[in-house]
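Examination of the molecular architecture
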Amino acid sequence: MSTQPTRRPRPSTIQDVAREAGVSRAAVSKVIRNAYGVSDHMRTQVEAAIERLEYRPRVAARAMRGASFTLGFEIPQVGNDFLTMIVDGATEALAETPYQMIIAPLGRDQKGDVAINSLADRQVDGIVAISPRVDPAWLERVAERTPLVMIGRHDRSGRYDTITGDDRSGAEQVMSHLLDLGHTRITHLTIHPSRPEPPWAGQAGAEPHVVRTAVYRERMAAAGLSPQVVHTMFDGSEAHAATLDLLASPDRPTAIFAGNDTLAIGVLSAVAEAGLDARDVSVVGYDDVPIARHPLVSLSSVDQSGITLGREAVRLLLERLAGRTESVLYEAEAVLRVRRSSGAPREA
């Protein structure tokens with residue numbers, strides 16, 4: 001009499017989880033990859049079904065494909081020289097590793113979670129993202145399943161690593177430089193902040209531009225001066241237009257502190273178009289991109305070493321992939337590089 005071999009129980013599938021939770025397969029997929037917009041109720045429902053059925057999506061995926069040896073890199077803009085420096089640093093750090101990098105740029109009106117979700121869908125081994133305006137709670141959930149390093153955030157996380165420049169020190173150096181030169185009408189031109197009351201209340205200060213603006217206001221108040229903050233979009237053409245408006249006012253500034261070098265180049269262009277120079281309007285930027293050092297530009301700017309930021313981001317991500325679990329906050333030194341675009345005001 002022959003005996004039938006004992007059959008192993010069939011591993012649960014995503015379809016089984018969907019049936020158990022009473023939702024669609026697409027809904028289960030969204031919960032598994034922490035897609036934006038999943039309700040708490042659906043998440044609880046699906047996660048309970050996953051636990052009951054002992055479904056292990058990440059283990060199953062890795063068993064089928066192994067490590068992909070690809071890392072995702074989300075950047076908010078294409079054509080921004082500082083972001084290019086960060087990517088160059090990351091590429092340099094990957095040169096002698098088996099990993100390749102997939103870059104996911106955002107469209108003008110897209111949010112950072114869109115690109116991060118896109119990379120997660122491609123089953124990259126880890127993600128580096130430059131998204132200071134993405135909800136920290138959502139990032140925590142992403143980092144539960146995919147190693148994650150965030151650039152340009154001052155918040156601390158229990159699950160992902162953060163990398164930033166020392167924005168407070170950098171802005172302090174800019175303001176000390178301009179005030180010591182004798183400037184009293186100093187305008188800060190920066191990008192629009194995120195929503196005044198974001199869903200992650202209390203975390204708005206994590207944005208580098210918010211930190212720089214806060215320091216500007218503090219230093220102006222301490223000097224007994226009236227602050228003037230002008231908001232613009234990310235590109236230099238809007239900074240150019242905003243600066244022309246400032247220069248046409250009867251009380252035009254004698255100095256402009258631009259939130260980054262892309263904006264500063266737009267400011268310099270407007271100053272030149274108005275027939276003015278550094279003796280009329282000093283300009284200081286932030287990031288110290290390569291064009292800032294060109295002799296015909298000679299832009300005073302804060303160097304926070306974009307190459308180093310990219311290199312360190314990859315180092316931290318590779319450490320995560322090797323098994324490190326404790327979170328790291330890396331802060332790069334900020335150093336003001338003074339050049340010809342800033343000097344004492346003509347009237348001083």
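A quick note: this is a predicted structure, and the numbers were derived from the prediction, not measured.

Time to look at the sheet that holds strand S11 (residues 329–332). Strand order in the open sheet formed by 6 strands is S2-S1-S3-S4-S5-S11, with parallel pairing between adjacent strands. Strands with a single pairing partner mark the edges of an open sheet, and in this sheet they are strand S2 (100–105) and S11. Between one strand axis and the next, the sheet turns through 15° on average, direction left out of account. For strand S1 (residues 70–75) and strand S3 (residues 126–129), the ladder comprises 4 bridges, and the chain directions are parallel. In the sheet register, Phe73 faces S3, and the bridge partner there is Val128. Here helix H5 (residues 81–94) sits on the sheet in contact with S1, S2 and strand S4 (148–151), set at roughly 170° to S1.

Remark: helix H1 (residues 14–21) packs on helix H3 (residues 40–53), axes separated minimally by 9 Å, with the N-to-C direction vectors making an angle of 120°. Classified by the angle between their axes, H1 and H3 sit oblique to one another. Judged by the twist between their axes, the crossing of H1 over H3 is right-handed. Across from Asp16, Val17, Glu20 and Ala21 in H1, the residues of H3 making contact are Gln45, Val46, Ala49, Ile50, Arg52 and Leu53. Across the contact of H1 with H3, the residue classes tally to 6 nonpolar, 1 polar and 3 charged.

Before going further, it helps to examine the environment of Ser298. Among the secondary structure elements, Ser298 is positioned in the loop between strand S9 (282–286) and strand S10 (300–303). Between the C-alpha atoms of Ser298 and Arg337, which are 39 residues apart in sequence, the distance is 9.8 Å. Setting aside residues up to four positions removed in sequence, Ser298 forms contacts with Ala292, Arg339, Arg340 and Ser341.

With that settled, consider helix H9 (residues 208–222). A rise of 1.5 Å per residue sets the reference length of H9, with its 15 residues, at 21 Å; its end C-alpha atoms lie 21 Å apart and thus fit the reference within 8%. Among all positions in H9, only Pro208, His209, Val211, Arg212, Thr213, Val215, Tyr216 and Met220 are buried. Buried-residue contacts for H9 involve helix H8 (167–180), strand S6 (186–191), strand S7 (228–232), strand S8 (255–258) and S9. Count one or two residues on from H9 and you reach Gly224, which has phi positive near 70°.

Its place among the elements puts Ser305 in the loop between S10 and helix H12 (306–321). Each C-alpha atom of the pair Ser305 and Asp288 lies 7.8 Å from the other, and the pair is 17 residues apart in sequence.

Another point: the packing of H5 against H12. Orientation of H5 relative to H12, taken along the N-to-C sense of each, is 45°, at an axis distance of 6 Å. As judged from the angle between their axes, H5 and H12 are oblique. Crossing hand, H5 versus H12: right-handed. Contacts between H5 and H12 involve Phe82, Met85, Ile86, Asp88, Gly89, Ala90, Glu92, Ala93 and Leu94 from the first element and Gly306, Ile307, Leu309, Gly310, Arg311 and Val314 from the second. By residue class, the composition of the contact of H5 with H12 is 9 nonpolar, 3 polar and 3 charged.

Right, let's get into the packing of aromatic side chains. Evaluation of the coordinates by the stated rule reveals 1 aromatic pair. Plain terms: the ring middles of Phe69 and Tyr99 are 5.3 Å apart, the flat faces sit at 55° to each other, and that makes the pair tilted. Here Phe69, found in the loop between helix H4 (57–65) and S1, pairs with Tyr99, found in the loop between H5 and S2; they are 30 residues apart in sequence, far enough to count as distant. Sitting over the face of the ring of Tyr286, Arg212 holds its NZ or CZ atom 3.7 Å from the ring centroid.

In this section: the sheet that holds S7. The strand order across the open sheet formed by 6 strands is S7-S6-S8-S9-S10-S12, and the pairing between neighbours is mixed. Both edges of this open sheet fall to S7 and strand S12 (335–337), since each of them pairs with a single strand only. Strand-to-strand twist in this sheet, taken as the mean axis angle between neighbours without regard to direction, amounts to 20°. Bridging between S9 and S10 involves 3 bridges; their strand directions are parallel. Residue pairing across strands places Tyr286 opposite Val302, the latter belonging to S10. Helix H11 (residues 261–273) rests against S6, S7, S8, S9 and S10 of the sheet, and its axis sits at about 160° to S9.

Rules of the game
Residues numbered from 1 in each chain as written. Predicted model: local features only at pLDDT ≥ 70, side-chain atom pairs only at ≥ 80, totals over all residues. Heavy atoms only, no water. Pairing = 2+ DSSP bridges. Helix = DSSP H or I, 4+ residues; strand = E, 2+ residues; numbered from the N terminus. Axes fitted to C-alpha atoms, helices over the stretch in contact; angles between N-to-C directions. Contact = heavy atoms within 4.5 Å. Parallel < 35°, antiparallel > 145°, perpendicular 65-115°, else oblique. Left-handed = near helix turned anticlockwise from the far one by under 90°. Nonpolar A, V, L, I, M, F, W, Y, C, P; charged D, E, K, R; others polar. Expected span 1.5 Å × (residues − 1). Buried < 20%, exposed > 50% of the residue type's maximum accessible area, 1.4 Å probe, protein only. Phe/Tyr/Trp six-rings, centres within 6.5 Å; stacked < 30°, edge-to-face > 60°. Lys NZ or Arg CZ within 6 Å of the ring centre and 35° of its normal.

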